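Coordinate analysis (summary)
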Amino acid sequence: MKNIGIYLLTIGTFLTGTSEMIIAGIVNMIAKDLDISIALVGQLVTAFSLAFAIGTPIIVTLTSPWERKKVLLGTLSVFFIGNLLSLLPLPFSLLLITRVILGASAGAFIVVAMSVAAKLVEADKIGNAV
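In this report, the structure presented in the accompanying data block is examined. From a predicted model like this one, the values you see are computed outputs, not experimental measurements. (Residues numbered from 1 in each chain as written. Predicted model: local features only at pLDDT ≥ 70, side-chain atom pairs only at ≥ 80, totals over all residues. Heavy atoms only, no water.)

1. Topic: a nonpolar patch on the surface
Among the surface-exposed residues, Ile4, Tyr7, Leu8, Ile11, Phe14 and Leu15 lie close enough to one another that they form a single nonpolar patch of about 670 Å² accessible area. By the secondary structure assignment, Leu15 is in helix α1 (residues 4-25). (Patch = residues over 30% accessible without salt bridge, like charges linked within 9 Å, V, L, I, M, F, W, Y side chains within 5 Å. Areas by Shrake-Rupley, 256 points an atom, 1.4 Å probe, with all protein chains shown as cover. Salt bridge = Lys/Arg side-chain N within 4 Å of Asp/Glu carboxyl O. Helix = DSSP H or I, 4+ residues; strand = E, 2+ residues; numbered from the N terminus.)

2. So, the environment of Leu84
As for its placement among the helices and strands, Leu84 is situated in helix α4 (residues 68-87). Leu84 gets classed as partly exposed once you look at its relative accessible area, which sits at 41%. (Buried < 20%, exposed > 50% of the residue type's maximum accessible area, 1.4 Å probe, protein only.)

3. So, the nonpolar core
If you look at the biggest cluster of nonpolar residues, it comprises 12 residues: Ile6, Leu9, Val71, Leu72, Phe109, Ile110, Val112, Ala113, Val116, Ala117, Val121 and Ala129. Within the residue set of this core, elements represented by two or more residues are α1, α4 and α5 (92-120). Sort the elements by how many residues they give to this core and α5 lands first, with six residues. Counting nine residues, the second-largest nonpolar core is a separate cluster that includes Val27, Ile30, Val45 and Leu95. (Core = buried A, V, L, I, M, F, W, Y, C linked by side-chain atoms within 4.5 Å.)

4. Quick look at the side chain of Ser19
As for its position among the elements, Ser19 is in helix α1. Of the residues examined, Ser19 reaches a relative accessible area of 8% and is grouped as buried. Residues in contact with Ser19, not counting those within four places in the same chain, are Phe48, Phe79 and Arg99. (Contact = heavy atoms within 4.5 Å.)

5. Overview of helix α2 (residues 27-34)
Among the residues of α2, Val27, Ile30 and Ala31 are the ones counted as buried. One side of α2 holds all its buried residues, which, seen down the axis, span an arc of 100 degrees. Those residues of α2 that are exposed and aimed more than 90 degrees away from the buried face are Asn28, Met29, Lys32 and Asp33. Buried residues belonging to α2 abut α1 and α3 (38-62). Note on α2: the residue one or two positions beyond its end, Asp35, has a positive phi of about 55 degrees. (Arc of directions from axis to C-beta.)

6. Focus on α4
Given a rise of 1.5 Å per residue, 20 residues ought to cover 28 Å, and the 29 Å separating the end C-alpha atoms of α4 matches this to within 8%. Turning to α4, its buried residues are Val71, Leu72, Thr75, Phe79 and Gly82. Each buried residue of α4 lies within a common arc of 100 degrees when the element is viewed along its axis, so the set occupies one face. Within α4, the exposed residues directed more than 90 degrees away from the buried face are Lys69, Lys70, Leu73, Phe80 and Leu87. (Expected span 1.5 Å × (residues − 1).)

Encoded structure:
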């Protein structure tokens, strides 16, 4: 395979991107498990989205001098740890914090992955890679 890196970045982007809306599909189960309202569970999506929107530019700017591979591995590691933490029987407030961690790390990973993908291919293939 010529550009296996593109496929790995695609898988990572898919996994991190999917995590935002997965909550919407299981909102009833979470509300029942935590004994809270569905509207409050919806705040988990909001927390992820706000962290994604606000945290991503900050993290990407702060990590711009770093090697891109390290940033990709670092953000994916933080994302993995955030997912592991969300598996624990946490109170809602801590679950909300894990969603913030997931949002910021997923956003940074996706942005860096797109820039790396653009550099892995020839100029006429950048659109397809991204």
